[in-house]
Amino acid sequence: MHRRNFIKSTFGIATILPFSKSFDNLYSFSHSKFEVENLVIGSGYGGAVAALRLTEAGKKVTMVEMGLDWGKNMGQYKPFSNMIFPKNNSTWLHKSTVAPIMNFTNFNKKFTGVLDRMDFENIKIYAGRGVGGGSLVNGGMAVQPNRDYFQEILPELDANKFWEYYFPLAKHELLVNQIHDEYYQKSKYYKFSRVGEAEAHHAGFKTVKVPNVYSFDYMEKEEKGIVPKSALNGEVIYGNNYGKNSLDKTYLQKALSTGLLTIYDLHKVTAIKKDNNGGYIVKIDVIDVSGNIVEQKTFYCKRLFLNAGSIGSTKLLLTAKHNNDLPDLNEWVGKLWGNNGNIMCGRNMVNTIFNKVDRKSFNSFLGVGTNAKQSAIPVAGIDNWNDKLHCFFAEISPLPMNLEVYTALYLLINRIPLLSSISYNSLSNDIDVNWTQEHSLQPLTNAKYFVKALNKANGGTRAGLLFNGGFGADICYHPLGGIVLGKATDNFGRVNGYEHLFVTDGSLIPGTIGVNPFLTITAIAEYCIENILKIDF
């Protein structure tokens, strides 16, 4: 059979444009074709918001996710691992763990686990894999950004509306709650956080309590021993088995309850293309839990929502532009990318006893220590955002090693004076994240200032065993940008140059938001989908 007739008869699509290089192949796997109204790529915050609001409006939605649906088939691939004893379901297609610290475990075979790390020159970017995306593996800190910085970074948005409506709406849907102060003050699992706050105050820093999506009512029951432990069992970065209100329990659960949402897991999108009927063709590899391709599919959709995260969504568009599948994308695609100023650092506190300190400080040291038992859910931060010279927010992070190590851990989030970009590399047929040591210079300067100030006030040294030189400058938990609002898209996430192609994930935010970003991503997604429903349907 002639190749073109074979393609037409196999896919049942006679009206598409001729396949470009990315689509022009004869499949060696079984291949299926689907036609859907609304296709959402990715099940993280932006995709979950889009799915809920579309289904609530009576629209059928199909969602594809490259990771596992961890709850299906009675949760056959769970339970999730804690940080001390990870199983291979902890890690996405690697034979050893890839966490920023505590990588002591190797596996016999690869598995489509919940935490992924994408390595580029000078930067390692983390992502959650599974239905719920990053909500499965983050610390759950629902931090609202500094209002002035929000307006500076996203001037096209009305901050009043976000503070009055979109942020409260996002908090409500995400089931954000606050730790009870009485519990915080007495729990042995939060000694690390109380010590972190006290040492910050001693160094002249301001601290704040941070809301979270983890249920603190559940956590208190954990400590009383009346429910299974999760946060108090070192579970977070490899998923929480209990207690955490991840997206599969909030937005996605509500969307599924409408009966209008269908989710396909282990579906990895490899290419997207505009057809000449105004819709989109999406090529997908279906994989098994070992990462092997077992089937290939083509979805034809009228409306396409990209929510594969900053790296995933940007890669899809840059690949489509390179292959002439979406040739009219503008020059802003791939630009204004950043790591949200992420840098990790730690302090060893044990040497305080050898320093020359006054009696009061020495006596206080006798009670200092981060405690062997720590909750894996952080609830406090250091807000230094009003310091114009050293502007940052620092998460007081747990280090739940089940051993008293007299070590404090922090994740700093900084202003980024110099944003980077993502580009397509035709030699490797992949993307490059053009992040250099120069881009990390200001975050590193702030981190050094921060650790030095804490050590001067409290005693201690850099935690060189945790990170090379004491600072993890190549760690990125919060990739942002690449398809920035008002640049690569209009002010509501419509991709410039194309109708019915939308973005509602973290790639809309230009590189930095100054705090843990998922609350802001959710609020912006709510804002975008509200307008899209009014105008595009």
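Report follows, based on the coordinates. (Residues numbered from 1 in each chain as written. Predicted model: local features only at pLDDT ≥ 70, side-chain atom pairs only at ≥ 80, totals over all residues. Heavy atoms only, no water.)

**So, helix α12 (residues 518-536)**
Right, so step 1: Its 19 residues place the ends of α12 25 Å apart at the C-alpha level, agreeing with the 27 Å of an ideal helix rising 1.5 Å per residue.
Right, so step 2: Among the 19 residues of α12, 15 are classified as buried, and the element is accordingly described as predominantly covered. (Helix = DSSP H or I, 4+ residues; strand = E, 2+ residues; numbered from the N terminus. Expected span 1.5 Å × (residues − 1). Buried < 20%, exposed > 50% of the residue type's maximum accessible area, 1.4 Å probe, protein only.)

**Looking at unusual backbone geometry**
Most peptide bonds are trans, and most residues other than glycine sit at a negative phi.
Right, so step 1: Here the amide bond leading from Lys-78 into Pro-79 is cis, since omega sits at 15°, within 30 degrees of zero.
Right, so step 2: Following the sequence through the fold, Pro-79 ends up in the loop between β2 (61-64) and β3 (115-120).
Right, so step 3: The backbone phi angle of Asn-122 is positive, close to 75°, even though this residue is not glycine.
Right, so step 4: Examined against the element boundaries, Asn-122 turns out to sit in the loop between β3 and β4 (123-128).
Right, so step 5: Classification of Asn-122 as partly exposed rests on a relative accessible area of 33%.
Right, so step 6: In the Ramachandran plot, Tyr-406 falls in the positive-phi region, its phi being about 50° despite a non-glycine side chain.
Right, so step 7: Take Tyr-406: it is sitting in the loop between β12 (392-397) and β13 (407-414).

**Some words on the packing of aromatic side chains**
Right, so step 1: Inspection of the entire model under this criterion finds 29 aromatic pairs.
Right, so step 2: For the ring pair Phe-34 and Tyr-264, a centre distance of 6.2 Å and an interplane angle of 50° mean the geometry is tilted. Note that Phe-34 is positioned in strand β1 (residues 31-41) and Tyr-264 in strand β6 (residues 261-264), a separation of 230 residues in sequence.
Right, so step 3: What makes Tyr-264 partly exposed here is its relative accessible area of 25%.
Right, so step 4: Each ring, one from Tyr-149 and one from Trp-385, has its centre 4.9 Å from the other, and the planes form 65°; the classification is edge-to-face. Taken as a pair, Tyr-149 in helix α3 (residues 147-153) and Trp-385 in the loop between β11 (380-383) and β12 lie far apart in primary sequence, 236 residues in all. (Phe/Tyr/Trp six-rings, centres within 6.5 Å; stacked < 30°, edge-to-face > 60°.)

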